[in-house]
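A closer look at the structure
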Amino acid sequence: MSLKNFWDGVQKDFRLFIFILILLEIYRAVFIFLMSDYISESSTSAQISTALWTGLKLSLKTAGIVTAISFVFVTIFNLKNIVRVFIGIISSLIFSILFMARFPYYQTYNATFGIEIVRGMDESFLSLMSMFVQEYGFIWRFATALILTIFLTAILNRFLTIKSIPLPNFGNSLDKFIFSVIVLIFIGVFAVFVRFGGSLTYAGGINWENSAVTSDNFLNECILDDGQALYRSYSMAKNMGVAIIPFADETKILESAQYLSGTDLVENNLAPYLEKTAKGARIEKPKHIFIIIGETFMQWPLLGKYDDLHIADGIKSIIAEKNSYYSRNFLPNGDFTSIAITGMITGLPEMNVKVNYQPKTYEQVYISAAAPPLKKLGYNVDFWYGGELSWENIYKMSIAQDFNNFYGFPDLNAPKLTTWGAKDEDLFNAIENHLANEPPTVHFIMTTTNHPPYNLDLESEGFNYEKTLAEIKKLPNIPDAENLVAELGHYWYTDKVITKFIRSVSEKYPDSLFVVTGDHAVRVDPGTHPTIFEHQSVPFVMHGAGISEKILPPDAVGGHISIIPTIIELIAPEDFKYYSIAPSMFENFGVAFNRDVYLTENIAGKIGTDEIEILPHVASADLRGVNLSQERTNAEKFISAVRTVALWILNHDLNLEVKQ
């Protein structure tokens with residue numbers, strides 16, 4: 001390789017670098033402009049400028065990766081320039097596809113590409129593609145990305161054919177050597193500058209971990225270009241693989257176990273710390289218990305400010321009855337259906353690791369698992385799911401964790417509504433028909449209809465589309481009312497069939513107990529600026545003989561992994577022994593949490609940050625004398641203890657190896 005060719009290649013690589021950098025910045029600016037409804041009202045133009053500038057520095061890294069490929073294979077290995085052009089075209093196509101995908105992704109998750117991508121890796125490819133095509137406009141978005149790439153290819157070709165600065169005429173070999181050294185030093189310094197995101201040191205640079213420099217979540221997400229956002233997903237996936245969890249510290253397992261048990265025991269085994277003793281049955285033992293987990297059954301439609309939408313009238317009518325209890329202070333186990341299910345089955349909180357794919361899950365029943373104490377109380381334990389048995393290993397995991405039966409789509413004798421499963425009505429009809437000769441059973445029920453693609457014929461189900469659309473348009477910060485009405489129409493349908501099922505089964509089997517909650521809330525928000533509570537919380541409803549609004553404290557705090565302990569404390573005889581990490585909602589620490597947020601009696605907050613908000617149903621008078629800072633501190637202590645104990649259970653046996 002001659003110095004002349006090297007010098008020419010370096011200049012063309014630099015032009016490729018500038019091209020990619022400008023492309024990423026333009027896509028960033030266009031995204032901010034088109035999604036401006038998501039910018040907080042308190043954000044200023046200065047913050048937008050900060051986001052654009054910080055994003056530009058961060059994108060140095062992404063552009064640098066593309067350029068490094070060209071530099072190595074074309075400039076150093078002296079391949080033809082067409083290879084450099086090809087690298088630029090492929091990069092343009094990838095970034096254009098990601099740019100088009102970013103819009104529905106942010107609208108769904110209020111974030112740029114993140115952990116959700118990793119969580120979706122094990123989903124059925126055909127199911128995902130069906131959802132992308134029907135719900136998120138995959139075809140037209142992909143076509144738009146291709147058109148953008150054609151346009152960008154023309155610009156790139158023109159840019160790369162700009163005449164390079166010629167190599168200087170050297171008087172002697174020493175001049176040539178000095179020039180070569182200067183070029184190499186410049187390339188090295190430039191590479192470091194790019195690698196650290198606009199600085200020659202790591203401390204002074206920008207990376208995805210420290211890029212949130214504004215007070216606006218939307219702008220902070222925009223700082224990450226799509227390449228950096230995917231790198232964030234990759235980093236999170238690595239952490240998931242080794243179960244790295246904030247606030248978890250296995251060196252403090254004894255301290256955490258003592259805290260949760262409320263004792264100063266020093267035992268070599270974890271079991272005594274997790275053993276609970278029931279206080280005695282509060283209601284007569286029901287024959288059947290139904291734990292209904294509504295797909296995307298978020299809580300905010302039940303709040304008074306959204307009454308005019310009339311999409312949760314069914315569950316509200318159940319709550320209003322005298323034999324019902326309802327808590328608003330409730331959180332799901334995480335942001336995904338599988339996390340909700342694994343949490344309820346195993347009793348383990350989300351730990352940045354897929355419990356349903358861990359070998360240990362199939363080798364032994366976790367001490368905190370739901371089935372053993374329920375079977376000890378005389379129940380069969382069954383799982384009902386409207387989809388395929390193979391989805392997310394839920395069937396295999398349920399049976400491995402001591403469930404008696406698992407019923408999926410093949411058992412319903414009903415047509416498929418989508419690739420995810422049958423209509424919720426068909427699922428509930430199959431369950432009701434199954435009850436005639438069924439022994440006492442706890443039925444875990446997971447619905448499917450309220451999930452993209454939203455293709456249920458809502459009008460034939462009786463949904464008033466136009467009236468609901470008119471009410472949605474009255475809400476602030478709604479960028480796409482037509483899309484939201486379709487989503488809320490499917491919520492309305494799930495609410496309707498759950499209510500119908502409860503009323504029908506209650507009439508036939510009055511000694512039944514029903515628990516209704518949602519698997520998660522994220523995906524459907526009441527506008528572009530949901531509160532933490534609106535974005536995350538799901539309802540907790542109990543209904544049945546002996547239940548009343550006073551069976552638990554008002555708005556008792558809880559989460560998915562506290563449901564089984566609560567049921568046990570509700571029906572078990574005095575001195576009944578069982579094991580659980582989470583306390584019941586009768587006697588708890590006043591804290592619920594998932595991967596990202598926590599909730600107490602008065603506040604919701606983001607874990608690991610100072611961000612908190614007062615719950616919408618907490619009056620200012622209720623806060624007199626309340627130390628919110630202490631409430632947050634108590635929440636973090638509880639989160640740390642639960643996560644530490646759960647991580648120990650996942651990674652070890654019950655032996656604590658306490659050194660005395």
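On a plain count of helices and strands, the chain comes out with 22 helices and 17 strands. In terms of overall size, the chain behaves like a compact globule, its C-alpha atoms giving a radius of gyration of 28 Å where 660 residues would be expected to give roughly 26 Å. Projected onto its principal axes, the C-alpha positions of the chain cover 100 × 70 × 50 Å. Relative to its full complement of 660 residues, the chain shows a buried share of 56%. Taking the contacts inside the chain whose residues are at least 6 apart along the sequence as the reference set, 78% of them involve residues at least 24 apart. Taken together, the 51 basic and 70 acidic charged side chains of the chain have centroids lying 7 Å from each other.

Here we take up the nonpolar core. Judged by nonpolar contacts, the single largest core of 114 residues is most densely connected at Ile291, Phe383 and Phe444. Counting residues per element, this core draws most heavily on helix α19 (residues 481–508), which supplies 12 residues. Setting aside residues no more than four positions away along its own chain, Phe383 makes contact with Ile341, Ile345, Ile394, Ser398, Phe403, Asn405, Phe406, Tyr407, Phe444 and Met446. Listed in part, the 41 residues of the second largest apolar core include Ile20, Leu21, Tyr27 and Ile32.

Attention shifts here to the pattern of salt bridges. When the charged atoms of two side chains lie near each other, side chains of opposite charge can form a pair. Inspection of the entire model under this criterion finds 28 salt bridges. Where Lys354 meets Glu392, a salt bridge forms, and the shortest distance between an N and an O atom there is 4.0 Å. Taken as a pair, Lys354 in the loop between α13 (337–346) and α14 (371–376) and Glu392 in the loop between β5 (380–385) and α15 (394–400) lie far apart in primary sequence, 38 residues in all. By relative accessible area, which is 8% here, Lys354 ends up buried. Ionic contacts of the salt-bridge type, sharing partners, join the residues Lys423, Glu425, Glu461, Lys496 and Lys500 into one network.

Strand order in the open sheet made by the 4 strands is β14-β15-β16-β17, with antiparallel pairing throughout. Unpaired on one side and paired on the other, β14 (592–593) and β17 (612–614) mark the two borders of the sheet. Across 2 bridges, β14 lies against strand β15 (residues 597–599) in antiparallel orientation. The partner of Phe593 across the bridge, within β15, is Tyr598.

To continue, consider helix α22 (residues 628–651). Helix length check: α22 (24 residues) gives 34 Å between terminal C-alpha atoms against 34 Å at 1.5 Å per residue, within 8%. For α22, the side-chain oxygen to backbone nitrogen distance between the N-cap and Ser629 is 3.1 Å, and the N-cap itself is Asn627.

What follows covers the packing of aromatic side chains. The final tally for this structure, using the stated rule, is 40 aromatic pairs. Residues Phe31 and Phe103 carry aromatic rings whose centres are separated by 4.8 Å and whose planes lie at 55° to one another, so their mutual orientation is tilted. Of the two residues, Phe31 sits in helix α1 (residues 3–34) while Phe103 sits in helix α3 (residues 81–109), which places them 72 residues apart along the sequence. In this pair, the class of Phe31 matches that of Phe103, namely buried. Ring geometry for Tyr325 against Phe540: centres 6.5 Å apart, planes inclined by 65°, an arrangement best described as edge-to-face. Of the two residues, Tyr325 is situated in strand β3 (residues 324–327) and Phe540 in strand β11 (residues 540–544); the sequence distance between them amounts to 215 residues. Put simply, the rings of Tyr27, Phe31, Tyr38, Phe99, Phe103, Tyr106 and Phe218 pair up and form one aromatic cluster. A cation over a ring is seen here: Arg282 above Phe586, with NZ or CZ 3.9 Å from the ring centre.

A separate point is a nonpolar patch on the surface. A cluster of nonpolar side chains, Leu174, Phe177, Ile178, Val181, Ile182, Ile185, Val189, Val192, Phe193 and Leu200, forms an exposed patch at the surface whose accessible area comes to about 880 Å². Within the secondary structure, Ile178 is located in helix α7 (residues 173–195).

With that settled, the discussion passes to the side chain of Ser92. One can find Ser92 in helix α3. Look past the residues within four positions of Ser92 in its chain and what remains in contact with it is Phe19, Leu23, Thr149 and Leu152.

Spatially, 7 strands are ordered β3-β11-β10-β2-β9-β5-β6 in an open sheet, and the strand pairing comes out mixed. At either end of the open sheet lies a strand with only one pairing partner, and these are β3 and β6 (405–407). Between one strand axis and the next, the sheet turns by 15° as a mean value, whatever way the strands run. Here helix α16 (residues 424–434) sits on the sheet in contact with β2 (288–294), β5, β6 and β9 (441–446), set at roughly 155° to β5. Sheet contacts for helix α21 (residues 563–571): β2, β9, β10 (512–518) and β11; angle to β2, the most-contacted strand, approximately 155°.

About the thresholds
Per chain, the residues get numbers from 1 upward, laid out in the order the sequence is written. Since the coordinates come from a predicted model, pLDDT governs what is reported: local features require at least 70, and pairs of side-chain atoms require 80 or more to be given and counted, while whole-chain, interface and lining totals use all residues. By convention in this description, side-chain values take in all heavy atoms of the structure and omit both hydrogens and water. Put simply, DSSP marks the helices as runs of H or I at least four residues long and the strands as runs of E at least two long, and each gets a number from the N terminus on. Only C-alpha atoms enter the radius of gyration, while the globule expectation follows 2.2 Å times N to the 0.38, with N the number of residues. Relative accessibility under 20% of the residue-type maximum defines a buried residue, over 50% an exposed one, and the middle range a partly exposed one, all with a 1.4 Å probe and only protein chains included. Only heavy atoms matter for contacts: two residues are in contact if any of them lie within 4.5 Å across the pair. All tallies of charge rest on Lys and Arg as positive and Asp and Glu as negative; His and the ends of each chain are not included. Taken as the charge centre is NZ of Lys, CZ of Arg, CG of Asp or CD of Glu, depending on the residue. As used here, the term nonpolar core means buried Ala, Val, Leu, Ile, Met, Phe, Trp, Tyr and Cys residues forming a set that is joined through side-chain atoms within 4.5 Å. Here, a salt bridge means any side-chain nitrogen of Lys or Arg that lies within 4 Å of a carboxyl oxygen of Asp or Glu. The rule for pairing is simple: two strands pair if DSSP sees at least two bridges between them. Multiplying 1.5 Å by the residue count of a helix minus one yields the expected span of that helix. The definition of a polar contact used here is a pair of N or O atoms within 3.5 Å, where within protein one atom must be able to donate a hydrogen and the other to accept one, and adjacent residues in sequence count solely through side-chain atom pairs. Two rings from Phe, Tyr or Trp (for Trp, the six-membered ring) form a pair when their centres are within 6.5 Å of each other. A pair whose planes differ by under 30 degrees is stacked, one over 60 is edge-to-face, and the rest are tilted. Charge-over-ring contacts are defined here by two conditions on Lys NZ or Arg CZ: a distance within 6 Å of the ring centre and an angle within 35 degrees of the ring normal. Candidates for patches are residues over 30% relative accessible area with no salt bridge; among them, like charges are joined within 9 Å and nonpolar side chains (Val, Leu, Ile, Met, Phe, Trp, Tyr) within 5 Å. Reported accessibility uses the Shrake-Rupley method at a 1.4 Å probe radius. Residues are deemed covered only where the shown protein chains occlude them. To obtain each axis, a line is fitted to C-alpha atoms, and for helices this fit is confined to the stretch in contact; angles are then taken between N-to-C directions over 0 to 180 degrees.

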